[in-house]
Amino acid sequence: RTEIAMFAAVGFFFLVILSVLAVSWFGDNAGLQMQVAGLGMSVMYVICIWHAVVVKGPGPAVGFFVPAAVLTFFAEYMGDNYGWFFGDYTYTASLGPRLGGVPLLIVVVWGVVLYAGYMLVDWLAGIHGERRGGSWPMTLLWNAVVAATTGLVMAAFDLLADPMAVSGVWHEVLGREPWWWWQGGGYLPGLEVWQGNGGIPAQNFIGWWAVPTFIIFCYMTAMAHFRPKGDIVVGQLLNAVPLTIYAYMYVTMTAALLVMRQYDPGLTQAVIIGTFTMGPVIGLGLTTLLRGFTVAQPAPIHP
């Protein structure tokens with residue numbers, strides 16, 4: 001089955017990350033875990049597109065990922081070059097090929113987190129892409145609530161990802177660095193960095209909430225007009241795939257931070273904060289998934 005293949009692909013990378021964590025932890029090799037921190041993100045992106053094609057159809061899938069890539073690239077371009085949206089930061093060449101200063105990997109990560117976060121909220125709320133609200137004002141209000149919630153789910157991920165990426169441990173252990181903040185900020189101000197100032201500005205997390213909120217609101221509003229009946233396939237296991245992807249991102253970031261804290265104990269704070277923000281979302285998803293299997297589940301339906 002399609003959903004089994006998706007779960008198997010994500011599960012494989014879970015095993016890889018956890019295996020590397022064991023080797024890194026007991027072998028005192030933080031560099032190994034750090035080098036595989038982004039492992040599987042491109043595959044997760046492909047799985048997200050695959051999932052969207054199956055659940056929503058080819059047209060809506062294109063309508064999600066193409067605008068999302070364009071808008072997130074624009075936001076990152078304006079951020080990296082002019083300090084818009086997220087604060088004053090600079091990317092380096094450590095994250096691979098760049099366009100206009102923006103690593104293409106960042107756009108991929110945005111796509112994964114954006115789709116997984118939105119579909120996770122959509123599944124937990126029992127929406128399945130359907131238009132809600134009797135009138136257009138109520139529909140727009142509903143869309144805004146779902147979009148804003150998705151933004152919160154995404155910002156929770158960045159509470160883990162940014163401290164991991166800007167830590168001076170990258171420079172200390174591997175002699176390279178993903179990016180840095182010129183002015184720093186109030187989030188983890190004691191974070192050891194290799195350049196710029198410690199800490200991450202609050203503006204960054206506001207941006208991580210606002211940008212996805214705007215994208216998801218526009219997408220949901222367009223789908224409410226063109227596809228008001230929602231997803232073409234609805235199934236308990238299939239719609240839980242985004243949960244496993246979101247959980248994978250939590251495990252990846254946490255694993256890297258746990259071994260990096262050997263050099264910077266302050267990173268422990270990021271692990272705790274990330275666990276208290278991403279953890280409840282994952283826990284709610286697991287509870288919903290398990291509860292769904294305690295009763296007889298109908299076969300996937302096609303609205």
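Source: prediction; values computed, not measured.

Looking at this structure, I do not really get helix H10 (residues 267–292). What am I missing?
Note: α-helices contain 3.6 residues per turn, so residues at a spacing of three or four share the same orientation. If you check H10, its first and last C-alpha atoms are 36 Å apart, about what 26 residues at 1.5 Å a residue would give, namely 38 Å. At Gly279, H10 shows its largest kink, close to 35 degrees, and the proline Pro280 lies no more than four residues downstream. If you follow the buried residues of H10, they end up packed against helix H5 (104–124), helix H6 (136–166), helix H7 (169–174) and helix H9 (241–260).

For this particular structure, what's the right way to read a nonpolar patch on the surface?
Taken together, the side chains of Phe74, Tyr82, Trp84 and Phe85 make up a nonpolar region of the molecular surface, amounting to roughly 450 Å² of accessible area. Along the chain, Tyr82 turns up in helix H4 (residues 58–82).

How do you make sense of the nonpolar core when you look at a structure like this?
As a rule of thumb, nonpolar side chains are buried together in soluble globular proteins. Grouped together as the largest cluster of nonpolar side chains are 95 residues, with contacts concentrated most on Phe157, Ile245, Tyr246 and Met260. Residue contributions to this core peak at 15 residues, all from H9. For Tyr246, the residues in contact, after removing those within four places along its chain, are Ala116, Leu120, Val153, Ala156, Phe157, Met278, Val281 and Ile282.

Is there a simple way to explain H6 in this structure?
Taking 1.5 Å of rise per residue, 31 residues should cover 45 Å, and H6 covers 43 Å from first to last C-alpha, within 8% of that figure. A maximum bend of about 30 degrees is found in H6 at Asp158.

When you look at the side chain of Asp231 in this model, what are you seeing that I'm missing?
Looking at the element boundaries, Asp231 is found in the loop between helix H8 (202–226) and H9. Engagement of the side chain of Asp231 in a polar contact is seen with the side chain of Lys56, the distance being 2.7 Å.

What counts and what doesn't
- Within any chain, residue numbers begin from 1 and follow the written order of that chain's sequence.
- Selection of residues for local features in this predicted model requires a pLDDT of at least 70, selection of side-chain atom pairs for listing and counting requires 80 or more, and totals for whole chains, interfaces and linings are taken over all residues.
- Side-chain calculation: all heavy atoms of the structure are included, whereas hydrogens and water are not.
- Secondary structure elements follow DSSP: runs of H or I no shorter than four residues count as helices, runs of E no shorter than two count as strands, and numbering proceeds from the N terminus.
- A helix is expected to reach a length of 1.5 Å times the quantity of its residues less one.
- The term bend refers to the angle at a residue between two fitted axes, each drawn through seven residues, those ending there and those starting there.
- Pairs of residues are marked as contacts when any of their non-hydrogen atoms sit within 4.5 Å.
- Only residues whose relative accessible area exceeds 30% and that form no salt bridge are eligible for patches; like-charged ones are grouped when within 9 Å, while nonpolar side chains (Val, Leu, Ile, Met, Phe, Trp, Tyr) are grouped when within 5 Å.
- Only the protein chains shown count as cover for residues, and all accessible areas are computed by the Shrake-Rupley method using a 1.4 Å probe.
- For salt bridges, the criterion is a side-chain nitrogen of Lys or Arg within 4 Å of an Asp or Glu carboxyl oxygen.
- The definition of a nonpolar core used throughout is a set of buried Ala, Val, Leu, Ile, Met, Phe, Trp, Tyr and Cys residues joined through side-chain atoms within 4.5 Å.
- Exposure is judged per residue with a 1.4 Å probe applied to protein chains only, and the accessible area is read against the type maximum: over 50% gives exposed, under 20% gives buried, and values in between give partly exposed.
- Pairs of N or O atoms are called polar contacts if they sit within 3.5 Å, as long as, within protein, a hydrogen donor faces a hydrogen acceptor (for residues adjacent in sequence, only side-chain-to-side-chain pairs).

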